[in-house]
Amino acid sequence: MTTALGTFTTRPLDPFPSSQLRSGRGGPISDVELVHGWVTHPKASFWLMGGARLEDVEREYMAISAHPHHDAFIGLHNGEPAFLMERYDPTEVELKGLYEAEPGDIGMHFLVAPTDTPLHGFTRAVITTVMETLFADPSVRRVVVEPDVSNSAVHALNKAVGFEVLREIAKPEKNALLSACTREQFEAARREGAAR
(Lines give C-alpha, C1' and ligand atoms only; values in the text may rest on other atoms or scores of the structure.)
Protein backbone atom coordinates (compact mmCIF):
# COMPACT_ATOMS: atom_id res chain seq x y z
CA MET A 1 0.00 0.00 0.00
CA THR A 2 1.34 3.43 -0.90
CA THR A 3 0.19 6.47 1.07
CA ALA A 4 1.36 10.01 1.72
CA LEU A 5 3.54 8.47 4.45
CA GLY A 6 5.26 6.09 2.03
CA THR A 7 4.99 2.45 1.02
CA PHE A 8 3.82 -0.28 3.38
CA THR A 9 4.34 -3.97 2.64
CA THR A 10 4.67 -7.26 4.52
CA ARG A 11 6.92 -10.30 4.27
CA PRO A 12 6.97 -13.58 6.21
CA LEU A 13 8.84 -13.42 9.51
CA ASP A 14 11.89 -15.72 9.52
CA PRO A 15 12.15 -17.18 13.03
CA PHE A 16 15.33 -19.14 12.41
CA PRO A 17 18.36 -17.25 13.68
CA SER A 18 20.78 -19.66 11.99
CA SER A 19 19.61 -18.39 8.59
CA GLN A 20 20.19 -14.76 9.44
CA LEU A 21 22.97 -12.42 10.36
CA ARG A 22 23.46 -11.95 14.07
CA SER A 23 23.54 -8.49 15.49
CA GLY A 24 26.79 -6.68 15.46
CA ARG A 25 27.71 -3.14 16.22
CA GLY A 26 25.50 -1.26 13.80
CA GLY A 27 24.97 -4.39 11.70
CA PRO A 28 21.77 -6.13 10.63
CA ILE A 29 19.83 -8.19 13.14
CA SER A 30 17.59 -11.23 12.82
CA ASP A 31 13.82 -10.99 12.73
CA VAL A 32 13.62 -12.57 16.20
CA GLU A 33 16.04 -10.02 17.68
CA LEU A 34 14.05 -7.24 16.04
CA VAL A 35 10.72 -8.54 17.34
CA HIS A 36 12.19 -9.15 20.80
CA GLY A 37 13.00 -5.44 21.02
CA TRP A 38 9.46 -4.56 19.97
CA VAL A 39 7.46 -6.94 22.18
CA THR A 40 9.49 -6.20 25.33
CA HIS A 41 9.24 -2.43 24.96
CA PRO A 42 7.02 -0.72 27.58
CA LYS A 43 4.74 0.58 24.80
CA ALA A 44 3.93 -3.05 23.91
CA SER A 45 2.51 -3.93 27.33
CA PHE A 46 -0.67 -5.40 25.81
CA TRP A 47 1.47 -7.90 23.88
CA LEU A 48 2.09 -9.58 27.28
CA MET A 49 5.76 -10.34 26.58
CA GLY A 50 7.41 -7.54 28.57
CA GLY A 51 9.71 -9.87 30.51
CA ALA A 52 10.44 -12.24 27.62
CA ARG A 53 14.03 -13.24 26.93
CA LEU A 54 15.31 -13.51 23.36
CA GLU A 55 15.04 -17.30 23.65
CA ASP A 56 11.36 -16.97 24.66
CA VAL A 57 10.56 -14.86 21.61
CA GLU A 58 12.51 -17.23 19.36
CA ARG A 59 10.57 -20.21 20.77
CA GLU A 60 7.24 -18.39 20.32
CA TYR A 61 7.84 -17.48 16.69
CA MET A 62 9.32 -20.86 15.79
CA ALA A 63 6.10 -22.39 17.17
CA ILE A 64 3.99 -19.96 15.13
CA SER A 65 6.03 -20.75 12.02
CA ALA A 66 5.44 -24.47 12.52
CA HIS A 67 1.73 -24.09 13.30
CA PRO A 68 -0.63 -24.95 10.42
CA HIS A 69 -3.13 -22.24 11.45
CA HIS A 70 -0.91 -19.31 12.50
CA ASP A 71 1.55 -17.09 10.56
CA ALA A 72 3.72 -14.10 11.42
CA PHE A 73 4.93 -11.29 9.17
CA ILE A 74 7.30 -8.36 9.39
CA GLY A 75 5.71 -5.17 8.11
CA LEU A 76 7.91 -2.78 6.18
CA HIS A 77 7.66 0.98 5.79
CA ASN A 78 9.66 2.15 2.78
CA GLY A 79 11.54 -1.16 2.95
CA GLU A 80 12.47 -0.92 6.65
CA PRO A 81 10.97 -3.12 9.40
CA ALA A 82 8.26 -1.14 11.18
CA PHE A 83 5.54 -3.47 12.43
CA LEU A 84 4.61 -7.03 13.27
CA MET A 85 1.53 -8.80 11.94
CA GLU A 86 0.10 -12.18 12.90
CA ARG A 87 -2.63 -14.00 11.01
CA TYR A 88 -4.47 -16.97 12.52
CA ASP A 89 -7.46 -19.24 12.07
CA PRO A 90 -9.70 -18.24 15.00
CA THR A 91 -11.42 -21.63 15.00
CA GLU A 92 -8.05 -23.25 15.80
CA VAL A 93 -6.00 -20.55 17.59
CA GLU A 94 -6.80 -17.82 20.15
CA LEU A 95 -10.59 -17.94 19.89
CA LYS A 96 -11.27 -21.67 19.53
CA GLY A 97 -14.53 -22.39 21.33
CA LEU A 98 -14.91 -18.78 22.51
CA TYR A 99 -17.09 -17.29 19.79
CA GLU A 100 -19.51 -18.15 16.99
CA ALA A 101 -17.25 -18.58 13.96
CA GLU A 102 -18.47 -17.79 10.48
CA PRO A 103 -17.11 -19.15 7.18
CA GLY A 104 -14.28 -16.95 5.95
CA ASP A 105 -13.17 -15.70 9.38
CA ILE A 106 -9.51 -14.83 9.94
CA GLY A 107 -7.90 -13.52 13.13
CA MET A 108 -5.09 -11.01 13.41
CA HIS A 109 -2.74 -9.24 15.77
CA PHE A 110 -0.50 -6.31 14.92
CA LEU A 111 2.15 -4.33 16.74
CA VAL A 112 3.80 -1.11 15.59
CA ALA A 113 7.50 -0.87 16.39
CA PRO A 114 8.31 1.68 19.09
CA THR A 115 9.79 4.94 17.83
CA ASP A 116 11.07 8.22 19.23
CA THR A 117 9.75 10.09 16.19
CA PRO A 118 6.10 9.14 15.63
CA LEU A 119 4.41 10.06 12.35
CA HIS A 120 0.81 11.31 12.42
CA GLY A 121 -1.42 8.67 10.80
CA PHE A 122 1.25 5.96 10.84
CA THR A 123 -0.62 3.42 12.97
CA ARG A 124 -3.76 3.93 10.87
CA ALA A 125 -1.70 3.23 7.74
CA VAL A 126 -0.29 0.09 9.38
CA ILE A 127 -3.69 -1.37 10.33
CA THR A 128 -5.03 -0.49 6.88
CA THR A 129 -2.09 -2.38 5.33
CA VAL A 130 -2.77 -5.34 7.62
CA MET A 131 -6.46 -5.39 6.65
CA GLU A 132 -5.65 -5.07 2.93
CA THR A 133 -3.19 -7.95 3.25
CA LEU A 134 -5.79 -10.15 4.94
CA PHE A 135 -8.57 -9.28 2.49
CA ALA A 136 -6.26 -9.91 -0.47
CA ASP A 137 -7.18 -13.56 0.13
CA PRO A 138 -10.60 -13.91 -1.55
CA SER A 139 -11.63 -16.61 0.94
CA VAL A 140 -11.45 -14.11 3.82
CA ARG A 141 -14.85 -12.57 4.51
CA ARG A 142 -14.38 -11.22 8.03
CA VAL A 143 -11.46 -10.29 10.32
CA VAL A 144 -11.88 -10.96 14.03
CA VAL A 145 -9.77 -9.51 16.83
CA GLU A 146 -9.62 -9.89 20.61
CA PRO A 147 -7.77 -6.91 22.11
CA ASP A 148 -7.62 -6.35 25.85
CA VAL A 149 -10.76 -4.56 27.10
CA SER A 150 -8.60 -1.76 28.52
CA ASN A 151 -6.67 -1.09 25.28
CA SER A 152 -8.71 1.98 24.34
CA ALA A 153 -6.22 3.17 21.71
CA VAL A 154 -6.63 -0.05 19.70
CA HIS A 155 -10.41 -0.03 20.15
CA ALA A 156 -10.55 3.44 18.57
CA LEU A 157 -8.24 2.37 15.75
CA ASN A 158 -10.26 -0.78 15.11
CA LYS A 159 -13.47 1.26 14.95
CA ALA A 160 -11.84 3.66 12.47
CA VAL A 161 -11.19 0.83 9.98
CA GLY A 162 -14.65 -0.72 10.31
CA PHE A 163 -14.61 -3.10 13.28
CA GLU A 164 -17.72 -3.45 15.39
CA VAL A 165 -17.64 -4.75 18.94
CA LEU A 166 -19.45 -8.08 19.32
CA ARG A 167 -19.01 -8.64 23.05
CA GLU A 168 -16.55 -9.03 25.90
CA ILE A 169 -15.02 -12.49 26.30
CA ALA A 170 -12.83 -14.05 28.99
CA LYS A 171 -9.57 -15.52 27.72
CA PRO A 172 -7.03 -17.22 29.99
CA GLU A 173 -4.63 -14.27 29.79
CA LYS A 174 -7.05 -11.33 29.60
CA ASN A 175 -10.58 -10.04 29.27
CA ALA A 176 -10.95 -9.24 25.59
CA LEU A 177 -13.27 -7.16 23.44
CA LEU A 178 -14.24 -9.51 20.62
CA SER A 179 -14.68 -7.40 17.50
CA ALA A 180 -15.21 -8.16 13.82
CA CYS A 181 -14.92 -6.38 10.50
CA THR A 182 -16.34 -7.65 7.24
CA ARG A 183 -14.82 -6.82 3.88
CA GLU A 184 -17.78 -4.46 3.26
CA GLN A 185 -17.33 -2.68 6.60
CA PHE A 186 -13.63 -2.18 5.88
CA GLU A 187 -14.31 -0.76 2.41
CA ALA A 188 -17.00 1.56 3.79
CA ALA A 189 -14.62 2.84 6.49
CA ARG A 190 -11.92 3.44 3.84
CA ARG A 191 -14.33 5.44 1.70
CA GLU A 192 -15.45 7.45 4.72
CA GLY A 193 -11.83 8.11 5.71
CA ALA A 194 -10.94 9.20 2.17
CA ALA A 195 -13.87 11.61 2.11
CA ARG A 196 -12.59 13.47 5.16
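Check the entry above for the structure.
Please read all numbers here as calculations on a predicted model, not as lab measurements.

What counts, and where the lines are drawn
Residues numbered from 1 in each chain as written. Predicted model: local features only at pLDDT ≥ 70, side-chain atom pairs only at ≥ 80, totals over all residues. Heavy atoms only, no water. Helix = DSSP H or I, 4+ residues; strand = E, 2+ residues; numbered from the N terminus. Rg over C-alpha atoms; globule rule 2.2 N^0.38 Å. Buried < 20%, exposed > 50% of the residue type's maximum accessible area, 1.4 Å probe, protein only. Contact = heavy atoms within 4.5 Å. Areas by Shrake-Rupley, 256 points an atom, 1.4 Å probe, with all protein chains shown as cover. Lys, Arg positive; Asp, Glu negative; His and termini not counted. Charge placed at Lys NZ, Arg CZ, Asp CG, Glu CD. Expected span 1.5 Å × (residues − 1). Arc of directions from axis to C-beta. Axes fitted to C-alpha atoms, helices over the stretch in contact; angles between N-to-C directions. Parallel < 35°, antiparallel > 145°, perpendicular 65-115°, else oblique. Left-handed = near helix turned anticlockwise from the far one by under 90°. Nonpolar A, V, L, I, M, F, W, Y, C, P; charged D, E, K, R; others polar. Pairing = 2+ DSSP bridges. Phe/Tyr/Trp six-rings, centres within 6.5 Å; stacked < 30°, edge-to-face > 60°.

### Some words on the overall build of the protein chain
Looking only at helices and strands, the protein chain features five helices and eight strands. Start at the N end of the protein chain and walk to the C end: the helices and strands fall as β-β-α-α-β-β-β-α-β-α-β-β-α. The C-alpha atoms of the protein chain give a radius of gyration of 17 Å, which matches the 16 Å a tight globule of 196 residues would have. When its C-alpha atoms are laid out on the principal axes, the protein chain stretches across 45 × 40 × 30 Å. Every one of the 196 residues in the protein chain was classed for burial, and the buried ones make up 42%. Nonlocal contacts in the protein chain, meaning residues at least 24 apart in sequence, comprise 59% of its contacts between residues at least 6 apart. Surface exposure of the protein chain reaches about 10300 Å², of which carbon and sulfur atoms provide 54%. Distance between charge centres in the protein chain, computed from 19 positive and 27 negative side chains, equals 3 Å.

### Here's the deal with helix α2 (residues 54-66)
A rise of 1.5 Å per residue sets the reference length of α2, with its 13 residues, at 18 Å; its end C-alpha atoms lie 18 Å apart and thus fit the reference within 8%. Buried within α2 we find V57, Y61 and I64. Each buried residue of α2 sits inside an arc of 50° when the element is viewed along its axis, so together they form one side. Counted as exposed and oriented over 90 degrees from the buried face of α2: R59 and A66.

### Details of the packing of helix α1 (residues 31-39) against α2
The relative placement of two packed helices comes down to the angle between their axes together with the axis-to-axis distance. Two elements in contact, α1 and α2, have axes separated by 9 Å at closest approach and are oriented at 110°. As judged from the angle between their axes, α1 and α2 are roughly perpendicular. The handedness of the crossing between α1 and α2 is right-handed. Two secondary-structure elements touch here, α1 through V32, E33, V35, H36 and V39 and α2 through L54, V57, E58 and Y61. Along the lines of polarity and charge, the residues of the contact of α1 with α2 split into six nonpolar, one polar and two charged.

### Remarks on the packing of helix α3 (residues 122-135) against helix α4 (residues 152-160)
The geometry of α3 relative to α4 is characterised by a closest axis approach of 10 Å and an angle of 60° between their N-to-C directions. The orientation of α3 relative to α4 falls into the category oblique. The two elements α3 and α4 meet at a crossing, and its hand is right-handed. Contacts from T123, R124 and I127 of α3 reach α4 at L157, N158 and A160. Here the contact of α3 with α4 is composed, by residue class, of three nonpolar, two polar and one charged.

### Observations regarding the sheet that holds strand β2 (residues 6-12)
Spatially, eight strands are ordered β1-β2-β3-β4-β5-β6-β8-β7 in an open sheet, and the strand pairing comes out mixed. Each edge of the sheet is formed by a strand with only one pairing partner; in this case those strands are β1 (2-3) and β7 (164-170). Direction of pairing for β7 relative to strand β8 (residues 175-182): antiparallel, over a ladder of six bridges. Among the inter-strand pairings, R167 is bridged to a residue of β8, identified as L178. Sheet contacts for α1: β2, β3 (70-77), β4 (80-88) and β5 (105-112); angle to β4, the most-contacted strand, approximately 85°. In the packing of α2 onto the sheet, contacts are made with β3 and β4, and the angle to β3 comes to roughly 115°.

### Remarks on the packing of aromatic side chains
In this structure the tally under the stated criterion is two aromatic pairs. Measuring from centroid to centroid gives 5.3 Å for F8 and F122, while their planes differ by 55°, and the two rings are tilted. Pair noted here: F8 is in strand β2 and F122 is in helix α3, with a separation of 114 residues, a long-range link. For the pair F8 and F122, a shared accessibility class is recorded, and that class is buried.

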